[in-house]
Amino acid sequence: GAVVSQHPSWVICKSGTSVKIECRSLDFQATTMFWYRQFPKQSLMLMATSNEGSKATYEQGVEKDKFLINHASLTLSTLTVTSAHPEDSSFYICSARQRDVSSYEQYFGPGTRLTVT
Amino acid sequence: GESVGLHLPTLSVQEGDNSIINCAYSNSASDYFIWYKQESGKGPQFIIDIRSNMDKRQGQRVTVLLNKTVKHLSLQIAATQPGDSAVYFCAEGDYKLSFGAGTTVTVRA
């Protein structure tokens, strides 16, 4: 149980285009989803917190107009990288917390590798 | 900035030996700590967690130790296997997680 999927697993796009990444909780409802970015050989950096039905909360230094997050349902959150540039190339990972569960545990997706050319 | 950090970026261990990975944190109010394993090209995989009201917790082949006095966390892996080769992260937070820098564990046959 508690499986999180991401789609696509990898994507290559041209500079200036937009890319949408989906994060789904497959067998549970997620009140909160988190989006992380990870550069090669570095740690995970939290980008934003997404709560179902409300606006995402972005970490300091993360451009909300560039990284659009939508959490339209309890099982789906999307991250859209708008006007992507090569410096946005990274590994994007989402995680989800179960609804109505006292556990603090976050379940992570497999990640999406974005390459901007 | 990061509130957690690891002492060593790499650890090489002989197969069958025990591994110890260390982590220091700075926030004395931290309540929840987690160890994750990340294999290349994959998302983090939960290993074990511990709350601040405990100082030790054991899982299958893994033990987490928490020393709140010196704000230190460690992960012990017993009888390390080739499949344990990965990057290990400690993380802190009961809502938003703050990750340490990671230790790359390489298991020698």
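Since this is a predicted model, take the numbers as computed values, not measurements.

Q: Break down the overall build of chain A for me, citing the residues and quoting the values.
A: Secondary structure summary: chain A contains zero helices and 11 strands in total. Along chain A, from the amino end to the carboxyl end, the secondary structure elements read β-β-β-β-β-β-β-β-β-β-β. Against the 2.2 N^0.38 benchmark of 13 Å for 117 residues, chain A shows a C-alpha radius of gyration of 13 Å, consistent with a compact globule. Seen along its three principal axes, the alpha-carbon backbone of chain A occupies a region of about 40 × 25 × 20 Å. Buried residues in chain A amount to 50% of all 117 residues. Excluding contacts between residues fewer than 6 apart, the proportion of contacts in chain A whose partners are at least 24 apart in sequence is 55%. Split by element, the accessible area of chain A, about 5800 Å² in all, is 50% carbon and sulfur. Counting 11 positive and 10 negative side-chain charges, chain A places the averaged centre of each group 4 Å from the other.

Q: Please give an account of the environment of L76(A) that cites residues and values.
A: Residue and element names in this part refer to chain A. Here L76 lies in strand β8 (residues 76–81). Spatially, the C-alpha atoms of L76 and E52 are 8.6 Å apart, while their sequence positions differ by 24 residues. Non-local contacts of L76, meaning those with residues more than four positions away in its chain, are made with E22, C23, R24, M33, N70 and H71.

Q: Give a description of the nonpolar core that names residues and reports values.
A: Core analysis: the biggest nonpolar cluster contains 25 residues, and V4(A), W35(A), F67(A), L79(A), Y92(A) and L114(A) have the highest contact counts within it. Only β2 (10–13), β3 (19–25), β4 (30–38), β5 (44–51), β7 (67–73), β8, β9 (90–98) and β11 (112–116) of chain A provide two or more residues apiece to this core. Among the nonpolar cores identified, the runner-up in size contains 20 residues, and V13(B), C23(B), I50(B) and I77(B) belong to it.

Q: Tell me what's going on with the interface of chain B and chain A, and back it up with residues and numbers.
A: Opposite the 19 residues of chain B that make contact, chain A presents 20 residues. Sorting the residues of chain B by area buried against chain A places Y95(B), K96(B) and F99(B) first, and these three jointly supply 32% of that buried surface. One can count one salt bridge joining chain B with chain A. A salt bridge links K96(B) to E59(A); the shortest N-O distance between them is 2.8 Å. In this assembly, chain B and chain A are joined by six residue pairs in polar contact (both at pLDDT 80 or more). Those elements that place two or more of their residues in the side of chain B that touches chain A are β4 (32–38) and β5 (45–51) of chain B. Per-element tally for the side of chain B that touches chain A: the top contributor is β4(B), with three residues.

Q: Help me get a handle on the environment of T106(B), residues and values and all.
A: Residue and element names in this part refer to chain B. Take T106: it is sitting in strand β11 (residues 103–108). Of the residues examined, T106 reaches a relative accessible area of 41% and is grouped as partly exposed. Sequence-wise, T106 and G41 are 65 residues apart; in three dimensions their C-alpha atoms are separated by 16 Å. If we skip the residues at most four places from it in the chain, T106 touches L11, S12, V13 and S85.

Q: Account for the pattern of salt bridges, with residues named and values stated.
A: When the charged atoms of two side chains lie near each other, side chains of opposite charge can form a pair. All names here are of chain B. As enumerated under the stated definition, the model contains eight salt bridges over all chains in all. Two residues, D49 and R57, come together in a salt bridge whose shortest N-O distance is 2.2 Å. Relative accessible area serves as the criterion here: at 34%, R57 is assigned to the partly exposed category. Salt bridges sharing common partners tie together K37, E39 and K42.

Q: Could you give an account of the state of the cysteines, with specific residues and numbers?
A: All names here are of chain A. As enumerated under the stated definition, the model contains two disulfides over all chains in all. One disulfide bridge connects C23 with C94, the sulfur atoms lying 2.0 Å from each other. Of note, the bridge from C23 to C94 carries an S-S torsion of about 80° and is right-handed in sense. Of this pair, C23 sits in strand β3 while C94 is found in strand β9, placing the two residues 71 residues apart along the sequence. We note that C23, like C94, is buried. You can see C13 has no disulfide; the closest cysteine sulfur is in C94, sitting 18 Å from it.

Cut-offs applied
- Residues numbered from 1 in each chain as written.
- Chains lettered and ligands numbered in written order.
- Predicted model: local features only at pLDDT ≥ 70, side-chain atom pairs only at ≥ 80, totals over all residues.
- Heavy atoms only, no water.
- Helix = DSSP H or I, 4+ residues; strand = E, 2+ residues; numbered from the N terminus.
- Rg over C-alpha atoms; globule rule 2.2 N^0.38 Å.
- Buried < 20%, exposed > 50% of the residue type's maximum accessible area, 1.4 Å probe, protein only.
- Contact = heavy atoms within 4.5 Å.
- Areas by Shrake-Rupley, 256 points an atom, 1.4 Å probe, with all protein chains shown as cover.
- Lys, Arg positive; Asp, Glu negative; His and termini not counted.
- Charge placed at Lys NZ, Arg CZ, Asp CG, Glu CD.
- Core = buried A, V, L, I, M, F, W, Y, C linked by side-chain atoms within 4.5 Å.
- Buried area = accessible area lost by both parts, 1.4 Å probe.
- Salt bridge = Lys/Arg side-chain N within 4 Å of Asp/Glu carboxyl O.
- Polar contact = N/O pair within 3.5 Å; in protein donor to acceptor, adjacent residues only side chain to side chain.
- Disulfide = S-S within 2.5 Å.

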